[in-house]
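Below, each chain spelled out in residue letters.
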Amino acid sequence: LILDKFFSPNGGIPDQKDFKVTTSKFDENKPLEKDQILINLEYISVDPYLRARMQGVHTFVDPFKLHEPINSGCVAKVLKSNCPRFKAGDHVSGYFNWQEKQIVNVTKEVVKVDPNLAPLPHFVGVLGMTGLTAYFGLVLIGKPKKGETIVVSAAGGAVGSIVGQIGKILGCRVVGICGSDEKAKFLKSEFGFDEVVNYKSSTYEKDLKNACPKGIDIYFENVGGKIADPILFLINKHARIPVCGTISTYNAPIEKDIGQRAQYFIFSKQALMQGFLVFDYSEQETNEALKHLSQWIKEGKLKEKNVIFKGYDHIIEAFTKLFNTTNNTNIGKVVIDVTDQ
Ligand code: NDP
């Protein structure tokens, strides 16, 4: 699956017609060079950051190349191997092309995954980029202390739903923000959030205040824009704000007016606001985070819900739905299952 055109800096919502599915002959019998594997894709992750790679310029990530396969975090089955780390039949995760079969040069990012530890889609979610993002932002930047109040936006999304659960594991009060009452109910009953507030409600500000009677110690920012405003009014002295992403801005034009008052709240509460990228953390930090995430999964304290779309024909529908705020029923990590292709 390839990207057919870049989006203009004036924004734009990705649409099916901006992408093309192409078919080309693939020689499965081509001999593998040293440290190469032949793989068959099984699960594909769609993520908001891919939109930034469709901009045609370097933003916080490099742009895709036009008319070449798009890639993202995936799980695949090894069909043939010329690398001592893998054998045929193994499942591996890594950043692979959205292409049924492919030969991959093995790097340290390509890792064997254990289907006995968790269902395979979890390795692009809670045991992959999503879980690591939640862990790094909340634990390493937010530094939660028992009894503190954490607020997380896009709480029903892949990252937000993990942040909320880690917050509970670490003994905090967790308040989520999301776009529907159904999601709010689910996050409380299934993931143990203490309160969840609907940002579309006319009583959003009041609801948020009621949900945070002791103020906010950590705001895990996933959305940006208007919904973050009332949060800043409630932050406590020495609050921490890990800025994970701003999904509300990704399809919008880059504006010159970036708001004037937010800094006042950071300054007056001596708060820390820090942006971060999951890819910037070291191998040691990644292994440490994965150790905790796997342990919590084994203990049944951390769960992931997947929204599964089936087949290559549904990738773009799944991807564009990430940005849809009207009647978006997705809860958890969106994954495309291409095992039957
Ligand atoms: P998901 O795609 O799982 O969640 C998307 C949800 O965000 C939607 O279901 C919707 O839920 C909500 N949303 C979408 N647009 C808006 C909007 N305009 N206003 C308010 N809510 C909106 O996202 P992820 O969990 O994968 O990612 C969450 C954030 O984390 C993103 O900003 C992403 O870019 C960032 N990220 C950052 C990383 C890093 O290294 N810093 C790595 C991975 C992700 P609702 O129904 O509640 O509106």
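Keep in mind that this is a model prediction, so the values were computed, not measured. (Residues numbered from 1 in each chain as written. Predicted model: local features only at pLDDT ≥ 70, side-chain atom pairs only at ≥ 80, totals over all residues.)

### With respect to the sheet that holds strand β13 (residues 272–275)
Here is the rule: Two strands form a pair only when DSSP identifies at least two bridges running between them. Strands are runs of DSSP state E lasting at least 2 residues, helices are runs of H or I lasting at least 4, and numbering of each runs from the N terminus. Angular values range over 0 to 180 degrees, each being the angle between N-to-C directions of two axes fitted as lines to C-alpha atoms, with helices fitted over their stretch in contact. Whether two residues are in contact is decided by their C-beta atoms, placed from the backbone, lying within 7 Å.
Across the sheet, six strands lie side by side as β10-β9-β8-β11-β12-β13; this open sheet has parallel pairing. The open sheet terminates on both sides in strands that have one partner only, identified here as β10 (195–198) and β13. In this sheet, neighbouring strand axes are inclined to one another by 15° on average, regardless of whether the strands run parallel or antiparallel. Alignment of strand β12 (residues 235–243) against β13, held across four bridges, turns out to be parallel. Following the sheet pairing, V243 is matched in β13 by G275. Along the sheet, helix α2 (residues 158–169) contacts β8 (149–152), β9 (173–178) and β11 (216–220); its crossing angle with β9, the most-contacted strand, is approximately 165°.

### Describing the domain arrangement of the protein chain
Here is the rule we go by: Residue ranges assigned to each domain were obtained from an automatic or database domain assignment.
Taken domain by domain, the protein chain consists of domain 1 (2–125 + 304–337) and domain 2 (129–279). Between the C-alpha centres of domain 1 and domain 2 there is a distance of 28 Å. On the domain 2 side, the residues contacting the 20 residues of domain 1 number 17 residues.

### Remarks on the environment of Q270
Relative to the elements of secondary structure, Q270 occurs in the loop between α6 (262–268) and β13. Separated by 33 residues in the primary sequence, Q270 and K237 place their C-alpha atoms 6.0 Å from one another. Filtering out sequence-adjacent residues up to four positions away, Q270 remains in contact with K237 and H238.

### Looking at helix α1 (residues 129–142)
Every α-helix winds through 3.6 residues per turn, so residues three or four apart in the chain are directed the same way. Spelled out, the test is: What a helix is expected to span follows from its residue count: subtract one and scale by 1.5 Å. Note on burial: count the other C-beta atoms lying within 10 Å of the residue's C-beta; 20 or more is buried, 12 or fewer is exposed, in between is partly exposed, and C-beta positions come from the backbone.
Its 14 residues place the ends of α1 18 Å apart at the C-alpha level, agreeing with the 20 Å of an ideal helix rising 1.5 Å per residue. Summarising burial for α1: eleven of the 14 residues are buried, a large majority. Taken residue by residue, α1 has M129, T130, G131, L132, T133, A134, Y135, F136, G137, L138 and G142 as its buried positions. The positive-phi residue at the C-terminal boundary of α1 is K143, with phi of around 45°.

### Digging into the confidence of the model for the protein chain
Test applied: Predictor confidence is given residue by residue as pLDDT, running from a minimum of 0 to a maximum of 100.
Summarising the model, the protein chain shows a mean pLDDT of 94, and 99% of its residues fall at 70 or more. Both confidence scores are given for the complex: pTM 0.96, ipTM 0.98.

### Focus on helix α4 (residues 204–211)
Inclusion rule: Arc definition: it is the arc formed by the directions from the helix axis to the C-beta atoms.
All of the buried residues in α4 are D207, L208 and A211. Viewed along the axis of α4, the buried residues span an arc of 100°, placing them on a single side of the element. In α4, the exposed residues that point more than 90 degrees away from the buried face are K206 and N210. Where α4 is buried, its residues contact β9, β10 and α5 (229–234).

### Topic: the environment of K303
Mapped onto the secondary structure, K303 falls in the loop between α7 (283–298) and β14 (306–310). Given 16 C-beta atoms within 10 Å, K303 falls into the partly exposed group. Put simply, K303 and G164 are 139 residues apart on the chain and 11 Å apart in space, counted from C-alpha to C-alpha. The contacts of K303, once residues within four sequence positions are left out, are Q165 and F191.

### Describing the site of the ligand
The condition is simple: Nearness here is judged by the C-beta atom: place it from the backbone, and if it falls within 6 Å of a molecule or strand, the residue counts as near that partner. In this classification, Asp, Glu, Lys and Arg are treated as charged, Ala, Val, Leu, Ile, Met, Phe, Trp, Tyr, Cys and Pro as nonpolar, and every other residue, Gly included, as polar.
The environment of the ligand is formed by 31 residues, the closest being G157, G179, G245, S248 and V278. Going through the elements one at a time, α1 and α2 are the ones with two or more residues in the shell around the ligand. Sorting elements by how many residues they give to the shell around the ligand places α2 first, with three residues. When the residues that make up the shell around the ligand are grouped by side-chain class, the tally is 16 nonpolar, 13 polar and two charged. Of the domains in this structure, domain 1 (2–125 + 304–337) and domain 2 (129–279) are the two that each give at least three residues to the shell around the ligand.

### Notes on unusual backbone geometry
Positive phi values are uncommon outside glycine, yet A154 reaches one of about 45°. In this structure, A154 sits in the loop between β8 and α2. Residue class for A154 comes out buried when judged on the 27 C-beta atoms lying within 10 Å of it. Even without being glycine, Q270 reaches a positive phi, approximately 45°. Residue Q270 is classed as exposed on the basis of its C-beta count, with 9 C-beta atoms lying within 10 Å.

### Thoughts on the packing of α1 against α2
Quick reminder of the rule: Relative orientations are named as follows: roughly parallel for angles under 35 degrees, roughly antiparallel for angles over 145 degrees, roughly perpendicular for angles from 65 to 115 degrees, and oblique for any other angle. For any helix crossing, the convention is left-handed if the near helix is rotated counterclockwise from the far helix by under a right angle, and right-handed if that rotation is clockwise.
Following both chains from N to C, one finds α1 and α2 inclined at 50°, their axes separated by 9 Å at the closest point. As judged from the angle between their axes, α1 and α2 are oblique. For α1 against α2, the interelement crossing comes out right-handed. Here α1 contributes T130, G131, T133, A134, Y135, L138 and V139 to the contact with α2, which in turn contributes A158, V159, I162, V163, I166 and G167. Of the residues contributing to the contact of α1 with α2, the split by class is nine nonpolar, four polar and no charged.

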